[in-house]
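# Observations on the three-dimensional arrangement
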Amino acid sequence: MTSGERRLAERLEHKLDDDTLLWWDVPIGPKQTRPDFVVLHPRRGALILETKDWHLQTIRKATREYFEIQDSHSGYIKPVKNPLQQARHCAIQVVNALERDQQLIHGEGPHQGKLAFPWGSGVVFANIERQRITDPHWDEFFPHETTLTREDLAEDLDPAVFQERLWGMFTVEFRLKTALTLPQRDRIRWHLFPEIRITSE
């Protein structure tokens, strides 16, 4: 883990409910996409987070699709995918993998075939403080609703405030009538991180 990923992992572990499931850097789907974090809450849904340890001076140029950042070790400028787009791409890979399971989708109605629980994606800038952002176009690239900054990871931040920011990142949102069942959670775990048991005779 990077230092930013470690800090986010600690906040997720200590400020979320005990029945929340977390995955870090697991390969998902046929393209083996590796989201930084997948957060599953049985009464909220699934949230996919991309974490960046960038500082403001790391970003040299930005478009809606690609960024140019300065490598902290070599000093070279390199192009990278817009992290918010990267998070959404990972989220779609997760959703596509889960929608193949008939027990995890709507069986009827206007949302038939779609995932039976809400999902969302967002980006976490672990080392960028919102109060230091002066570019007037920042919120056009990184809306407040889907972007966490260093202040949101403060160790003394109230858990309720942290959760409000986190659950506000959902892109597809609707109220779950009932929490995900244990069998459903087990199936999600299987799709995201399959395990097999090998026994000797």
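Before reading on, note that the structure itself is shown above.
Residues numbered from 1 in each chain as written. Predicted model: local features only at pLDDT ≥ 70, side-chain atom pairs only at ≥ 80, totals over all residues. Heavy atoms only, no water.

## Remarks on the packing of helix α2 (residues 83-98) against helix α5 (residues 182-192)
- Contact geometry of α2 with α5 gives a least axis separation of 10 Å together with a crossing angle of 120°. If you check the angle between α2 and α5, you find them oblique. Relative to α5, the crossing made by α2 is right-handed. On the side of α2, the interface is formed by Val 94, Ala 97 and Leu 98, while α5 contributes Ile 188, His 191 and Leu 192.
- The residue makeup of the contact of α2 with α5, split by class, is five nonpolar, one polar and no charged. (Axes fitted to C-alpha atoms, helices over the stretch in contact; angles between N-to-C directions. Helix = DSSP H or I, 4+ residues; strand = E, 2+ residues; numbered from the N terminus. Parallel < 35°, antiparallel > 145°, perpendicular 65-115°, else oblique. Left-handed = near helix turned anticlockwise from the far one by under 90°. Contact = heavy atoms within 4.5 Å. Nonpolar A, V, L, I, M, F, W, Y, C, P; charged D, E, K, R; others polar.)

## Description of the pairing of strand β6 (residues 77-81)
- Both strand β5 (residues 66-70) and β6 contribute to a ladder of five bridges, which runs antiparallel. Looking at the pairing, Glu 68 lines up with Pro 79 of β6.
- As consecutive antiparallel partners, β5 and β6 are separated by six residues, and within that stretch Gly 75 has a phi angle of approximately 85°, a positive value. (Pairing = 2+ DSSP bridges.)

## Considerations on the environment of Asp 101
- Mapping Asp 101 onto the fold places it in the loop between α2 and β7 (119-125).
- Along the primary structure Asp 101 and Pro 143 are separated by 42 residues, whereas in three dimensions their C-alpha atoms are 32 Å apart.
- The contact partners of Asp 101, leaving out residues within four places of it in the chain, are Arg 187 and His 191.
- For Asp 101, the side chain forms a polar contact with the main-chain nitrogen of Gln 103, separated by 2.8 Å. (Polar contact = N/O pair within 3.5 Å; in protein donor to acceptor, adjacent residues only side chain to side chain.)

## Points about the packing of helix α1 (residues 3-15) against helix α4 (residues 159-167)
- Running from N to C, α1 and α4 cross one another at 115°; their axes reach a closest spacing of 10 Å. Taken together, α1 and α4 sit at an angle that is classed as roughly perpendicular. Classified by chirality, the crossing of α4 by α1 is left-handed. Contacts between α1 and α4 pair Arg 11, Leu 12 and Lys 15 from the former with Pro 159, Phe 162, Gln 163 and Leu 166 from the latter.
- The residue inventory of the contact of α1 with α4, partitioned by class, reads four nonpolar, one polar and two charged.

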